[in-house]
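Spelled out, the chains give:
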Amino acid sequence: DTAVSQTPKYLVTQMGNDKSIKCEQNLGHDTMYWYKQDSKKFLKIMFSYNNKELIINETVPNRFSPKSPDKAHLNLHINSLELGDSAVYFCASSQDTGGAGGYTFGSGTRLTVV
Amino acid sequence: QKEVEQNSGPLSVPEGAIASLNCTYSDRGSQSFFWYRQYSGKSPELIMSIYSNGDKEDGRFTAQLNKASQYVSLLIRDSQPSDSATYLCAPSAITGFQKLVFGTGTRLLVSP
């Protein structure tokens, strides 16, 4: 039923570890995004994929690597986790790259690095 | 200058009053504008979109857009305690591929 689903919902891990977050949408949208929301609630885009192709790559450390096996899935792998990576990561999708209908967000993954 | 500016609040209004939330943006080429509501610990939820100058009404919500002034606002009539949340303004930037650029949000508190 869920339009955009992310797993896991919570992730607590130690510095230096590698972790992945998975996202799936069943809306038939072509475009998917990763956003990061920090402790001050600022929501900032990280990546965007359109039909499996990377189209937006903001200034993000290369420890973050997105992968889109098909247009319904967008995963985020993070290497060598740092304390500053602690945040809520939201996956989102839109009908196309124009985003005319707005974005639909997943429920978020709260990542805590200790 | 930030790309999208909103007063962080909290904006406190009594139940039944009109809440007015404001947003200014820097990208003059922005064509689409969205308001999202985010409850604490939840994901952003789209509540309004506006594309043309003027007003757009949807139930208790009215979005207002003035592209010349690079200003967009959201009015909530008959505010309810359940409207207490953070409201995020998101113009769609058109430099390169379009993307939503979010403000830091205005926290609204509606007291019974």
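Position numbers for residues start from 1 in each chain and track the written sequence from start to end. Key to labels: chains lettered from A, ligands numbered from 1, both in the order written. pLDDT decides what is reported in this predicted model: residues at 70 or higher carry local features, side-chain atom pairs at 80 or more are listed and counted, and totals for whole chains, interfaces and linings draw on all residues regardless. Excluding hydrogens and water, the side-chain values take into account all heavy atoms of the structure.

Peer 1: Outline the overall build of chain A, supporting the account with residue identities and numerical values.
Peer 2: Helix and strand content of chain A: zero helices and 11 strands. Elements are defined by DSSP. Helices are runs of H or I of four residues or more, strands are runs of E of two residues or more, and each kind is numbered from the N terminus. Going from N to C terminus, chain A has its helices and strands arranged as β-β-β-β-β-β-β-β-β-β-β. Its C-alpha atoms give chain A a radius of gyration of 13 Å, within 12% of the compact-globule value 13 Å for 114 residues. C-alpha extents for chain A along the principal axes are approximately 40 × 30 × 25 Å. The rule is simple: take the accessible area with a 1.4 Å probe, protein chains only, and divide by the maximum for that residue type; under 20% is buried, over 50% is exposed, in between is partly exposed. Buried residues in chain A amount to 44% of all 114 residues. By definition in these notes, contact holds between two residues if any of their heavy atoms fall within 4.5 Å. For chain A, restricting intrachain contacts to residue pairs at least 6 apart in sequence, the fraction spanning at least 24 positions comes to 55%. Surface exposure here means Shrake-Rupley accessible area, sampled with a 1.4 Å probe, where a residue is shielded only by the protein chains that are shown. Roughly 5,600 Å² of accessible area belongs to chain A as shown, and the carbon and sulfur atoms make up 48% of that amount. In this tally, Asp and Glu contribute negative charge and Lys and Arg positive charge; neither His nor the terminal groups of the chain are included. By convention, charge coordinates are those of NZ in Lys, CZ in Arg, CG in Asp, or CD in Glu. Taken as two groups, the 12 positive and 11 negative side-chain charges of chain A have centres that lie 7 Å from each other. Every radius of gyration here is taken over C-alpha atoms, with the globule rule written as 2.2 Å times N^0.38, N being the number of residues.

Peer 1: Go over the overall build of chain B, please, and point to the residues and values.
Peer 2: Per the secondary structure count, chain B includes zero helices and 11 strands. The dimensions of chain B, computed from C-alpha atoms along their principal axes, are 45 × 30 × 20 Å. Looking at chain B as a whole, 45% of its 112 residues qualify as buried. Counted over contacts in chain B with a minimum sequence separation of 6, partners at least 24 positions apart contribute 53%. Total accessible area computed for chain B in this model is approximately 5,300 Å², and 48% of it derives from carbon and sulfur atoms. Here chain B holds 10 positive side-chain charges and 10 negative ones, and the gap between their average locations is 5 Å.

Peer 1: So what's going on with the packing of aromatic side chains? Residues and values would help.
Peer 2: Two aromatic rings from Phe, Tyr or Trp, using only the six-membered ring of Trp, form a pair when their centres are within 6.5 Å; if the ring planes differ by under 30 degrees the pair is stacked, by over 60 it is edge-to-face, and anything between is tilted. Tallying each qualifying case throughout the model produces 12 aromatic pairs over all chains. Their ring planes at 90 degrees and their centres at 5.6 Å tell us that F105(A) and Y36(B) sit as a pair that is edge-to-face. Note that F105(A) is positioned in strand β10 (residues 104-105) and Y36(B) in strand β4 (residues 33-38), a pairing that runs across two chains. A relative accessible area of 8% places F105(A) in the buried class. Through successive ring pairs, a cluster of aromatic residues spans Y33(A), Y35(A), F90(A), Y103(A), F105(A), Y36(B) and F102(B). Lying across the ring of F61(B), R60(B) places its NZ or CZ 5.6 Å from the centre. Either the NZ atom of lysine or the CZ atom of arginine qualifies as a charge over a ring when it sits within 6 Å of the ring centre and within 35 degrees of the ring normal.

Peer 1: Tell me what's going on with the interface of chain B and chain A, and back it up with residues and numbers.
Peer 2: Taken residue by residue, the interface counts 17 residues in chain B and 20 residues in chain A. When the area that chain B buries against chain A is broken down by residue, the three leading residues are F97(B), K99(B) and F102(B), summing to 33%. Here, a salt bridge means any Lys or Arg side-chain nitrogen found within 4 Å of an Asp or Glu carboxyl oxygen. Inspection of the chain B/chain A interface yields one salt bridge. A salt bridge links E58(A) to K99(B), with the shortest nitrogen-to-oxygen separation between them at 2.9 Å. Among the elements of the structure, β4, β9 (85-93) and β10 (99-100) of chain B are those that each provide at least two residues to the side of chain B that touches chain A. In terms of residue count, β4(B) provides more of the side of chain B that touches chain A than any other element does, three residues in total. Buried area is a sum: the accessible area each of two parts loses on coming together, probed at 1.4 Å, counted once for each and added.

Peer 1: Let's hear about a positive patch on the surface: which residues, and what values?
Peer 2: Taken together, the side chains of K9(A), K41(A), R110(A) and K42(B) present a region of like positive charge at the surface. Topologically, K9(A) is positioned in the loop between β1 (4-7) and β2 (10-13). For K9(A), a relative accessible area of 41% gives the class partly exposed. Patch definition: residues with relative accessible area over 30% and no salt bridge; like charges joined within 9 Å; nonpolar side chains (Val, Leu, Ile, Met, Phe, Trp, Tyr) joined within 5 Å.

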